[in-house]
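# Notes for the structure review
The primary structure of each chain is shown beneath.
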Amino acid sequence: MSTSTTRLNEICKQLALDLKPLSGNDITSRSPADGATLATLKAHSAEQASAAIQAAHNAYLQWRTVPAPVRGELVRRFGQTLRQHKAALGALVSVEAGKITSEGLGEVQEMIDICDFAVGLSRQLHGLTIASERPGHRMMETWHPMGVVGIISAFNFPVAVWCWNSALALVCGDAVVWKPSEKTPLTAVACQHLLEKTIAEFNQEQPGAVPAGISQLLIGARDVGEVLVDSPLVPIVSATGSTRMGRQVGVKVAERFGRSILELGGNNAMIVTPSADLELAARAITFAAVGTAGQRCTTLRRLIVHKSIADQLVARLEKIYGSVTVGDPMTDGTLVGPLIDKASFDGMQAALAQAKAEGGTVIGGQREREDLGADAYYVRPALVKMPAQSKVMEHETFAPILYIVTYDGSAEDAIALQNAVPQGLSSAIFTSDLRDAERFMSPAGSDCGIANVNIGTSGAEIGGAFGGEKETGGGRESGSDAWKGYMRRATNTINYSGALPLAQGVRFDV
């Protein structure tokens, strides 16, 4: 029995999770830590997916009438369940997705945080009272549940992104149907198990408060996701993944006048100006570029450094990159775990070869720790010094590759370079110059959904809306007023007078 399989068995005991009823031959979960097969699961058929969507819709019809604070109480209790099982669920994220221990635990903490946020939100789903031009009239706007929210998530955040969506959707009065990545189905099974446990306990105290079918899980590949995307019973589809996937999902949902929340590719840059604190920048660069083995949508992929400080900063980065510990994600001291699979490794090597062909100098990038498993793909993070921003830098490679280019002009020149890619998710500038910082955040600055000053591109908090522009999709999840994406708005006018005046002075006497 492999180390990962042993870890999985222990985690299942801690979660009281039985995988046997789900066994089949359709979807294989393997651990990137050692390449071992963790489980093989049966996929849902198209008919089963449609039935799950119908069940969720039926549940929504009841759930929408449950008071929002009661819906919030369910989410509060789910947050408590997550607190009780944080260690086990975090460990499962590490085993199945390859994240180092602190990142696995951090992802579960994100789930807890968004539950807390959603609980408060359940008492604040308010609209506006609007001044009417007609005497004896009151105008207002109200917000109402939309229906079933379809959630399609990616392997790199196998539990947090689902919770971003589901916690908000549930307090907003929606039902949820989740199609996780086929690379990380076990974390999804565990989350569904914990939510069902919470619902059962809640219904013991308030019988029938939470209707059956309010949260559904679909295991499968693209064909199952297509059922979700195509269903007219799913008015909202929240999809996280590649830009290619988003183009297809967005068009299909739009064709039926549904609403899509798209979180797609990122190709994130950091500008380092002459006034920057270089040691602070080096630390931020390292986490942003090599954390999660470069497999975050917010991973730092382009470093734009002023020529006057480039040699000093790059020398520091070379030293750090050569010393970071690559290895088993659940071993203390490891900072860089494995890539998710061979396809990711091959993609990284192809990108490095292209960078060399375009004049780049590659430092690192080689495979390491083959002793941990022939089918485990660990790499030394790569620094690539480029003569200019070239074609390879316009493409997001989901691996720890940091391209470095220099600029020799003003901050405006660096910002233009940063913005000259198709994606627009996260960005950062390191500077001690107030003018450069303010310019970066101005309308003429970064064109990304996230624009940071003296902090890296990764590690967003749940309090702010998360998402980006251009080929990143334009969607927003998590905090701020992202809840409005899960509800519909109605404008209401109430006439409490005895007359019937028309707006804009129109007269229509009969």
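Note that this is a predicted model, so its numbers are computed, not measured.

Rules used in this analysis
Residues numbered from 1 in each chain as written. Predicted model: local features only at pLDDT ≥ 70, side-chain atom pairs only at ≥ 80, totals over all residues. Heavy atoms only, no water. Axes fitted to C-alpha atoms, helices over the stretch in contact; angles between N-to-C directions. Helix = DSSP H or I, 4+ residues; strand = E, 2+ residues; numbered from the N terminus. Parallel < 35°, antiparallel > 145°, perpendicular 65-115°, else oblique. Left-handed = near helix turned anticlockwise from the far one by under 90°. Contact = heavy atoms within 4.5 Å. Nonpolar A, V, L, I, M, F, W, Y, C, P; charged D, E, K, R; others polar. Buried < 20%, exposed > 50% of the residue type's maximum accessible area, 1.4 Å probe, protein only. Core = buried A, V, L, I, M, F, W, Y, C linked by side-chain atoms within 4.5 Å. UniProt positions renumbered as here; feature names shortened; annotations may be inferred.

### Focus: the packing of helix α13 (residues 411-419) against helix α14 (residues 434-441)
As a packed pair, α13 and α14 sit with axes 10 Å apart at the nearest point and diverge in direction by 30°. The angle between α13 and α14 places the two elements in the roughly parallel class. The way α13 lies across α14 gives a crossing that is right-handed. Every residue of α14 that contacts α13 at Ala-411, Glu-412, Ile-415 and Gln-418 is listed here: Asp-436, Arg-439 and Phe-440. The class makeup of the residues in the contact of α13 with α14 is three nonpolar, one polar and three charged.

### Here we look at the side chain of Thr-273
Tracing the backbone shows Thr-273 in the loop between β10 (268-272) and α10 (278-290). Judged by its relative accessible area of 1%, Thr-273 is buried. Apart from the residues within four sequence positions on either side, Thr-273 is in contact with His-306, Ile-309, Tyr-407, Ile-429, Phe-430, Thr-431 and Asp-436.

### Let's talk about the nonpolar core
One broad trend across soluble globular proteins is that nonpolar side chains are buried collectively. Formed by 100 residues in total, the largest nonpolar core has its most connected members in Leu-82, Leu-89, Met-111 and Trp-162. When residues no more than four places from it in sequence are discounted, the contact partners of Leu-89 are Leu-15, Leu-82, Val-108, Met-111, Thr-187, Ala-190, Cys-191 and Leu-194. Counting residues in each nonpolar core, the second largest holds 58 residues, with Ala-276, Ile-309, Ala-382 and Val-392 among its members.

### Observations regarding the UniProt feature "domain: Aldehyde dehydrogenase" (unreviewed entry) in the protein chain
Under the UniProt annotation, "domain: Aldehyde dehydrogenase" (unreviewed entry) lies at residues 25-489. Between the C-alpha atoms that bound residues 25-489 there is a distance of 45 Å. The span itself is 40% helix and 20% strand.

### Some words on the UniProt feature "active site" (unreviewed entry) in the protein chain
UniProt's feature table lists "active site" (unreviewed entry) at Glu-263, given in the numbering used throughout. With respect to the helices and strands, Glu-263 occurs in strand β9 (residues 259-263). Note on Glu-263: relative accessible area 4%, which makes it buried. Apart from residues no more than four positions distant in its own chain, Glu-263 is found in contact with Ala-239, Thr-240, Gly-241, Phe-466, Gly-467, Gly-468, Thr-472, Gly-475, Arg-476 and Glu-477.

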